[in-house]
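Chain by chain, the residues:
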Amino acid sequence: MSKEALQHRVLTDPSIQVYDCGRRDIKAGGIDRRVLATLEFLSASGLKPTVTALHCGHSYLTNSGNVSEHSSGNAVDISMINGIPILGHQEPGGITEQTVRRLMQLQGTMQPHQIISLLEMGGSTFAMADHNDHIHVGFQPMFGANKKLGKQTLAVLEPGQWSNLISRLGEIENPVVPTKPSRYALPAKKTKRSSEAHMGE
């Protein structure tokens, strides 16, 4: 789906509850399509999310002093699932663990950079005490801090074409890179250096 289609889908999905200011973020196109797709993924999985933080209303910095992924529209905070608050429901096997495990199934370009709650379960999950009342799902900005480069890159393709490219890239397996010389490798002959400078290089 294009970003525009995802925006409409999230805003009209009765299983996804978004606070008013956050709905304006989505309508304005300020929320990353991976965040939108994640919300739809949860909804389609039978886990109905209540969103309490996107970009609007969230501080620029985190409590630890880092720039928040919310500030670039690349993160979402979920305070309830299926009407059950995250607060007080982070016990083993509970609704929070079920949601975190489902989020951990996201792969490739859809794999979150951070899934923060009180549960640390490997992968990109982190346990932080100040996340006792919500699940934070964050993605790294696709173009880092270089917004100009991001705009130039996005302008190369139409929205639908860009989505297809991202999907295709996510299907490509990473190559296996050998760490030892091949049995066909030949030893390099030692030659006299033309300069004795930088001998350690």
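Going by the structure above, here's the rest.
Residues numbered from 1 in each chain as written. Predicted model: local features only at pLDDT ≥ 70, side-chain atom pairs only at ≥ 80, totals over all residues. Heavy atoms only, no water.

Chemist: Explanation requested: the pattern of salt bridges in the structure shown.
Modeler: Side chains that differ in sign of charge can pair as their charged atoms come close. The full count for this structure, using the stated rule, is three salt bridges. The partner of Arg34 in a salt bridge is Asp32, with the nearest N and O atoms 2.9 Å apart. Here Arg34 matches Asp32 in class, with each residue buried. Of the charged contacts, one joins Arg101 and Glu97 as a salt bridge, the two residues approaching to 2.9 Å between their closest N and O atoms. In this pair, Arg101 and Glu97 both sit in helix H4 (residues 95–103), four residues apart, roughly one turn of the helix. (Salt bridge = Lys/Arg side-chain N within 4 Å of Asp/Glu carboxyl O. Buried < 20%, exposed > 50% of the residue type's maximum accessible area, 1.4 Å probe, protein only. Helix = DSSP H or I, 4+ residues; strand = E, 2+ residues; numbered from the N terminus.)

Chemist: Could you clarify how one ought to interpret the state of the cysteines in this entry?
Modeler: What we call a disulfide is simply a covalent bond connecting the sulfur atoms of a pair of cysteines. Tallied over the entire structure, the rule returns one disulfide. Disulfide pairing is shown between Cys21 and Cys56; the S-S distance is 1.4 Å. In this structure the cystine formed by Cys21 and Cys56 twists about its S-S bond by roughly 65°; its chirality is therefore right-handed. Here Cys56 lies in the loop between strand S2 (49–53) and strand S3 (75–81) and Cys21 lies in helix H2 (residues 20–27), a separation of 35 residues in the sequence. We classify Cys21 as buried; its relative accessible area is 17%. (Disulfide = S-S within 2.5 Å.)

Chemist: How do you make sense of H4 when you look at a structure like this?
Modeler: In an α-helix there are 3.6 residues to a turn, and that puts residues three or four apart on one side. Buried within H4 are the following residues: Ile95, Thr96, Glu97, Thr99, Val100 and Leu103. Buried residues in H4 make contact with helix H3 (33–44), S3, strand S4 (84–85), strand S5 (114–117), strand S6 (125–127) and strand S7 (135–138). (Contact = heavy atoms within 4.5 Å.)

Chemist: Sorry, what's going on with unusual backbone geometry here?
Modeler: Trans peptide bonds make up the majority, and among non-glycine residues the majority have a negative phi. Positive phi, normally seen in glycine, also occurs at Asn82, with a value near 55°. Along the polypeptide, Asn82 turns up in the loop between S3 and S4.

Chemist: Could you clarify how one ought to interpret the environment of Asp130 in this entry?
Modeler: On the secondary structure map, Asp130 appears in the loop between S6 and S7. For Asp130, the side chain forms a polar contact with the side chain of His131, separated by 2.7 Å. (Polar contact = N/O pair within 3.5 Å; in protein donor to acceptor, adjacent residues only side chain to side chain.)

Chemist: How do you make sense of helix H1 (residues 3–12) when you look at a structure like this?
Modeler: Listed as buried for H1 are Leu6, Gln7, Val10 and Leu11. Buried residues in H1, looked at end-on, bunch into an arc of 125°, giving them a common side. Where H1 is buried, its residues meet H2 and H3. (Arc of directions from axis to C-beta.)

Chemist: Whenever I open this one, the pairing of S5 confuses me. Can you help?
Modeler: Walk down a regular strand and you will see the side chains alternate between the two sheet faces. Across three bridges, S5 lies against S7 in antiparallel orientation. If you follow Ile115 over to S7, its bridge partner there is Val137. Direction of pairing for S5 relative to S6: parallel, over a ladder of three bridges. Across the sheet, the residue bridging to Ile116 is Phe126, located in S6. (Pairing = 2+ DSSP bridges.)

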